[in-house]
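One-letter residues, chain by chain:
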Amino acid sequence: MKLWTSLAGAAAVVLAAASAHAQIDSIKLGTEGAYPPYNYYDASGQLIGFEIDLGNELCRRMEVECEWVAQDWDGIIPALLNGRYDAIIAGMSRTDERREQIAFSNAYTVTPAWFVASAESDLAGLETLEETMAALEGKTIGVQTATIHENFLREELGDGVDIRVYDTQDNLNLDLVAGRLDAGLADATSWQAFLDTEDGAGFAHFGPGLTGADFPVFGEGVGVGLRQGDTELMAMFNDAICSMIEDGTLAAMTTEWFGVDTSTPCEQ
Amino acid sequence: MNFELMGDSILPILRGAQITVMLVATSIAIGFFAGIGMALARLSRNPLVSVPAYAYVFFFRGTPLLVQLFIVYYGFGRADFVKDTVFWAVLKEPFWCAVIALTLNTTAYTSEIIRGGILAVPWGQIEAARACGMSRVLMFRRITMPVAIRQALPAYGNEIILMVKGSALASTVTVMEMTGEAKSIISSTYAPVEIFIVAGSIYLAINFVVTRAVRRLEHRLTPYQRARTEADEKQAGRKIAFAALRGRQAADDIALPQPSSDRPQD
Amino acid sequence: MIELLTYGDQGWGDEMLRGAGMTVAVALLAYAFGIVVGMAGAAGKVGGGSVLRGVLDVYTTVVRGVPELLVIYLLFFGLSSAVMKVASVFGYTGYIEVDNFVIGVLAVGLISGAYSTEVFRGALQAIPNGQIEAGRAVGMTGWQIFHRIQLPQMLRLALPGLGNIWQLTLKDTALISVTGLAELMRMSRVAAGATHQPFTFYLAAAALYLVMTTFSQTAFQRAERHFSRSVRTASGQPAP
């Protein structure tokens with residue numbers, strides 16, 4: 001008897017929290033909040049970063065109300081599929097693997113991947129791909145979980161290296177500084193933000209910038225992640241992104257946050 | 001429900017289960033003896049010994065294991081005073097950081113469980129041992145400890161299960177134990193529910209084995225109870241029976257006296 | 001290092017305290033939910049039929065035998081799709097979002113409820129059968145026996161166990177940081193990542209947790225003394 005009343009109570013709570021989207025006048029944007037300079041928290045507890053500015057501008061152009069939802073990276077796609085939010089704006093590269101689960105908008109930025117190590121290590125100063133890959137053999141390398149960088153390491157270096165997987169890039173950086181890692185692999189702009197900090201001063205990137213052109217595993221630039229079938233929302237995002245590309249806002253925004261223009265062409 | 005995926009995930013998750021078992025076994029093995037030492041320190045009449053032990057237990061029981069793990073892993077990873085010492089060779093490895101955090105944690109809980117067991121040793125048995133002329137060490141070894149451990153066993157069984165469950169947190173510091181493997185599979189298959197059901201079942205199986213082993217040990221350590229009739233059982237005193245019952249049911253050392261500053265233990 | 005913990009826009013002190021507030025809110029609601037589940041579960045385990053008992057046994061065994069982290073992940077990832085599937089049976093095909101806070105309360109509450117069930121069951125069974133027979137002999141109904149004889153003693157007997165479950169529940173809320181809910185552990189992780197000062201922030205979090213557990217433990221000890229005031233023991237201390 002009591003069990004049923006408690007279950008009914010629980011059901012009522014769940015239904016009260018349920019909400020549906022009849023028409024697109026408000027959407028929720030999912031982001032990670034631990035990936036400077038793309039999306040992160042400042043000391044006042046506010047989400048800031050390139051993608052926060054970008055998302056807000058896109059929403060303004062799409063004329064929809066937007067609300068940001070922070071979500072740990074390893075659950076960011078399942079949570080989209082569960083309807084926790086309607087779009088992912090979290091530095092997510094458009095890869096074939098992810099396209100099996102979700103759809104992507106037009107790309108809004110494209111940057112290479114870098115290896116980073118202590119400036120004093122024997123890895124620093126390496127230049128070509130061949131010598132880099134050979135030197136990494138047997139090393140301990142950190143990557144963020146469920147990223148193109150993790151996939152790259154597993155595919156190209158596999159069992160030859162000790163791969164350490166981190167929940168956030170921030171924690172990877174902490175361990176790099178701590179000295180638990182010989183090197184890390186991540187996005188160049190994210191590394192640049194780290195290298196510019198006090199902690200990152202003793203570190204440097206090495207080897208070539210890795211891109212999707214050479215390794216398909218890196219995908220084709222960073223785009224907004226959407227549920228397959230949300231075609232109306234997809235069209236709205238594509239239009240808004242292209243309008244930002246065409247009037248130069250995107251180029252200005254990437255330059256402001258990354259120091260270089262990393263914007264992409266409109267694909268339509 | 002994707003059953004094929006569940007089948008494919010069993011092997012990698014079992015590989016992680018080996019690490020889980022290694023984590024737990026190492027922590028439990030060290031934590032058991034450290035826990036006995038800590039319990040004795042807590043019971044010491046010398047405040048220089050008992051107060052630090054109390055503070056230790058207070059800290060490790062009063063904060064979440066996840067916080068303790070992060071202090072050991074990320075906190076000490078940043079602390080320069082550790083870097084230049086021999087400890088860094090150990091702290092550098094995520095596996096050992098997890099072992100350290102789990103051991104520190106289980107030592108605190110184990111010490112409370114053992115202390116409860118020691119306090120529950122009937123005074124008559126101590127008197128009898130003294131009357132036989134046993135030395136303190138001999139009495140401790142032959143009377144107090146065996147009886148205390150027997151009393152504490154149900155609660156200690158729960159503590160082992162808590163450790164098995166707690167070891168899942170090691171996945172947050174890059175250790176690829178069961179939960180870590182499961183999360184890694186999820187990151188490429190996006191099927192969290194299926195994979196967690198597989199991992200959860202293996203955790204249940206491990207805990208089932210632990211429960212069984214503790215029961216068997218209990219049975220072996222109580223030869224006198226095996227011969228008893230049910231009527232005798234009831235006579236044995238409800239208080240102890242109830243304490244054991246509660247100890248078996250709710251984990252967190254429910255049968256034990258709470259540490260408290262206003263209740264001097266002696 | 002201290003300026004990092006100050007209040008206001010430059011420090012993380014206010015975020016940490018707000019996180020602690022969220023932790024308390026989740027813990028209190030989850031604990032209350034767990035007690036309701038526990039009472040119902042104990043009643044079902046003691047007085048229910050074999051099917052109900054079987055279901056409750058599976059519930060308490062699974063939830064207490066599987067890492068809390070897994071229970072939280074399962075509900076976090078599975079609950080929305082389960083609710084959506086149920087809704088689609090009734091013809092609703094949109095997305096239904098279950099709030100992180102609700103998931104946190106439900107997940108921690110279900111874990112807490114499994115332990116509460118066993119504590120209440122132990123307490124119920126510890127009441128001597130003779131008292132219930134005596135109740136029947138003087139013509140009490142089942143309800144009268146429950147609320148005049150069983151309930152008052154059950155609360156006293158369950159209190160030490162419930163105190164421990166509160167501590168468990170409070171500490172378990174740290175795990176729902178993985179869902180992104182802005183509680184204390186989440187805020188410390190964010191702050192530690194953003195400032196690269198993990199030692200400071202995890203120690204600060206530990207201190208805040210200690211304050212919460214110590215404070216509530218004292219409250220529970222008072223309650224224990226209060227509810228045991230009618231029970232005398234040789235030592236004059238509250239009975240277990």
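Here the structure is a predicted model, which means the values were calculated and not measured.

Thresholds applied
- Residues numbered from 1 in each chain as written.
- Chains lettered and ligands numbered in written order.
- Predicted model: local features only at pLDDT ≥ 70, side-chain atom pairs only at ≥ 80, totals over all residues.
- Heavy atoms only, no water.
- Pairing = 2+ DSSP bridges.
- Helix = DSSP H or I, 4+ residues; strand = E, 2+ residues; numbered from the N terminus.
- Buried < 20%, exposed > 50% of the residue type's maximum accessible area, 1.4 Å probe, protein only.
- Arc of directions from axis to C-beta.
- Contact = heavy atoms within 4.5 Å.
- Buried area = accessible area lost by both parts, 1.4 Å probe.
- Salt bridge = Lys/Arg side-chain N within 4 Å of Asp/Glu carboxyl O.
- Nonpolar A, V, L, I, M, F, W, Y, C, P; charged D, E, K, R; others polar.
- 1 Å grid on protein atoms, 1.4 Å probe; cavity = no way out; pocket = protein on both sides within 12 Å on 5 of 7 lines; lining within 4 Å.
- Points joined across faces, edges and corners; volume = space filled by probe spheres on them.
- Axes fitted to C-alpha atoms, helices over the stretch in contact; angles between N-to-C directions.
- Polar contact = N/O pair within 3.5 Å; in protein donor to acceptor, adjacent residues only side chain to side chain.
- Domains from an automatic or database assignment.
- Core = buried A, V, L, I, M, F, W, Y, C linked by side-chain atoms within 4.5 Å.
- Phe/Tyr/Trp six-rings, centres within 6.5 Å; stacked < 30°, edge-to-face > 60°.
- Lys NZ or Arg CZ within 6 Å of the ring centre and 35° of its normal.
- Disulfide = S-S within 2.5 Å.

A. Representation of the sheet that holds strand β13 (residues 222-227) of chain A in the model. All names here are of chain A. One open sheet accounts for five strands, arranged β5-β1-β6-β13-β7; its pairing is mixed. Strand pairing shows two members of the sheet lacking a second neighbour, β5 (65-70) and β7 (102-109), which therefore form its edges. By the bridge criterion, two bridges tie strand β6 (residues 87-88) to β13 in an arrangement that is antiparallel. Within β13, the position partnered with A87 by the bridge is L226.

B. Layout of helix α10 (residues 249-258) of chain A. All names here are of chain A. Within α10 the residues assigned to the buried category are L250, M253, T254 and F258. Looking straight down α10, one finds that the buried residues subtend no more than 105 degrees of arc, so they occupy a single side. Of the surrounding elements, those touching the buried residues of α10 are α2 (50-62), β7, α8 (188-195) and α9 (231-246). Positioned one or two residues after α10, G259 has a phi angle of 85 degrees, which is positive.

C. Local environment of the interface of chain C and chain B. Taken together, the 48 residues of chain C in the interface contact 47 residues of chain B. Here chain C packs against chain B, burying approximately 4,300 Å² in sum over the two surfaces, 68% of which is carbon and sulfur. Summed over the three residues of chain C that lose the most area to chain B, namely N164, K171 and F199 of chain C, the buried surface amounts to 14% of that side. When the shortest N-O distance is used, the salt bridge between K165 of chain B and E68 of chain C registers 3.2 Å. For the side of chain C that touches chain B, the secondary-structure elements that each account for two or more residues are α2 (50-65), α3 (68-89), α4 (100-126), α6 (142-172), α7 (184-195) and α8 (198-227) of chain C. The element best represented in the side of chain C that touches chain B is α8 of chain C, accounting for 12 residues. Along the lines of polarity and charge, the residues of the side of chain C that touches chain B split into 27 nonpolar, 14 polar and seven charged.

D. Representation of empty space enclosed by the protein. Enumeration over the complete set of coordinates arrives at nine cavities of 30 Å³ or more. Considering only enclosed or pocket space, the largest cavity measures out at about 320 Å³ in volume. Surrounding the largest cavity, 21 residues form its lining, L65 and L162 of chain B together with E68, L168 and D172 of chain C being those nearest its centre. Secondary structure elements with two or more residues in the lining of the largest cavity: α3 (65-78), α6 (94-119) and α8 (136-166) of chain B together with α3 and α6 of chain C. The element contributing the most residues to the lining of the largest cavity is α8 of chain B, with five residues.

E. The arrangement of the sheet that holds strand β11 (residues 183-187) of chain A in detail. Residues and elements named next belong to chain A. Read from one edge to the other, the open sheet built from five strands follows the order β10-β9-β11-β8-β12, with strand pairing classed as mixed. With partners counted over all chains shown, the strands left at the sheet margins are β10 (162-166) and β12 (203-210), one partner each. Strand-to-strand twist in this sheet, taken as the mean axis angle between neighbours without regard to direction, amounts to 30 degrees. Its contacts with the sheet put helix α6 (residues 148-157) on β8 (113-118), β9 (140-144), β10, β11 and β12, and the angle it makes with β9 is roughly 140 degrees. Together, β8, β11 and β12 form the strand contacts of α8, whose direction differs from that of β11 by roughly 120 degrees.

F. The interface of chain A and chain B, seen in detail. The interface of chain A with chain B comprises 20 residues on the first partner and 19 residues on the second. Area buried by chain A at its contact with chain B is led by R164, A178 and R180 of chain A, which between them contribute 32% of it. At the boundary of chain A and chain B, one finds three salt bridges. Its salt-bridge partner being D74 of chain A, residue K183 of chain B comes within 3.8 Å of it at the nearest N-O pair. The tally of links between chain A and chain B comes to five residue pairs in polar contact (both at pLDDT 80 or more). Secondary-structure elements contributing two or more residues to the side of chain A that touches chain B are α3 (76-81), α4 (96-99), β10 and α7 (169-178) of chain A. Looking at the side of chain A that touches chain B, the element that brings in the most residues is α7 of chain A, giving five residues. Its residues assigned to classes, the side of chain A that touches chain B comprises eight nonpolar, four polar and eight charged.

G. Representation of the domain arrangement of chain A within the structure. All names here are of chain A. Segmenting chain A into domains produces domain 1 (25-110 + 220-258) and domain 2 (113-216). Spacing between the C-alpha centres of domain 1 and domain 2 amounts to 25 Å. Opposite the 13 residues of domain 1 that make contact, domain 2 presents 14 residues. Summing both sides of the interface, domain 1 and domain 2 together bury roughly 1,100 Å²; the carbon and sulfur share of this comes to 54%. Elements with a contribution of two residues or more to the side of domain 1 that touches domain 2: β2 (34-35) and α4. Within the side of domain 1 that touches domain 2, the residues separate by chemical class into seven nonpolar, two polar and four charged.

H. Broad picture of the nonpolar core. Counting residues in hydrophobic clusters, the biggest one holds 185 residues, and the most contacted among them are L54, L58, M62, I89, Y108 and F237 of chain A together with I13 of chain B. Here this core gets 14 residues from one element, more than from any other, and that element is α4 of chain C. In this structure, this core is formed jointly by two domains, domain 1 (25-110 + 220-258) and domain 2 (113-216) of chain A, each of which donates at least three residues. Judged by nonpolar contacts, the second largest core, of 23 residues, contains I141, V161, I163 and L210 of chain A.

I. Representation of the pattern of salt bridges within the structure. Counting across every chain of the model gives 26 salt bridges over all chains. Across the pair D162 of chain A and R164 of chain A runs a salt bridge whose closest N-O atoms are separated by 3.4 Å. With relative accessibility at 35%, the residue D162 of chain A sits in the partly exposed group. Its salt-bridge partner being E118 of chain C, residue R64 of chain C comes within 3.8 Å of it at the nearest N-O pair. Linking R64 of chain C in helix α2 with E118 of chain C in helix α4, this pair joins segments that are 54 residues apart in sequence. Classification of E118 of chain C by relative accessible area gives buried; the value is 3%. Ionic contacts of the salt-bridge type, sharing partners, join the residues K45, D57, R64, E118 and R121 of chain C into one network.

J. Main features of the packing of aromatic side chains. Here the structure, examined in full by the defined rule, presents 29 aromatic pairs over all chains. Taken together, a centroid distance of 5.6 Å and an interplanar angle of 85 degrees make the contact between F70 of chain B and Y74 of chain B edge-to-face. Taken together, the residues span about one helical turn, with F70 of chain B and Y74 of chain B both in helix α3 at a distance of four residues. For the pair formed by F70 of chain B and Y74 of chain B, the shared burial category is buried. Chaining the aromatic ring pairs together yields one cluster made of Y35, Y38, F50, Y108 and F258 of chain A. A cation sits over an aromatic face here: R180 of chain A above Y73 of chain B, 3.7 Å from the ring centre.

K. Inspection of the state of the cysteines at higher detail. Residue and element names in this part refer to chain A. Under the definition given, this model contains two disulfides over all chains. Here C59 pairs with C66 through a disulfide, and the sulfurs are 1.8 Å apart. For the disulfide bridge between C59 and C66, the dihedral angle about the S-S bond is near -85 degrees, and by the sign convention the bridge is left-handed. The exposure class of C59 is buried, given its relative accessible area of 4%. Disulfide connectivity for chain A, with bonded cysteines indexed by sequence position, reads 1-2, 3-4.

L. Highlighting unusual backbone geometry. P37 of chain A follows P36 of chain A through a cis peptide bond whose omega is 0 degrees. Among the structural elements, P37 of chain A can be located in the loop between β2 and β3 (39-41). A positive phi angle, close to 55 degrees, is found at E63 of chain A, a residue other than glycine. Summarising the element assignment, E63 of chain A is placed in the loop between α2 and β5. One non-glycine residue, H196 of chain C, lies in positive phi territory at about 60 degrees. Topologically, H196 of chain C is positioned in the loop between α7 and α8.

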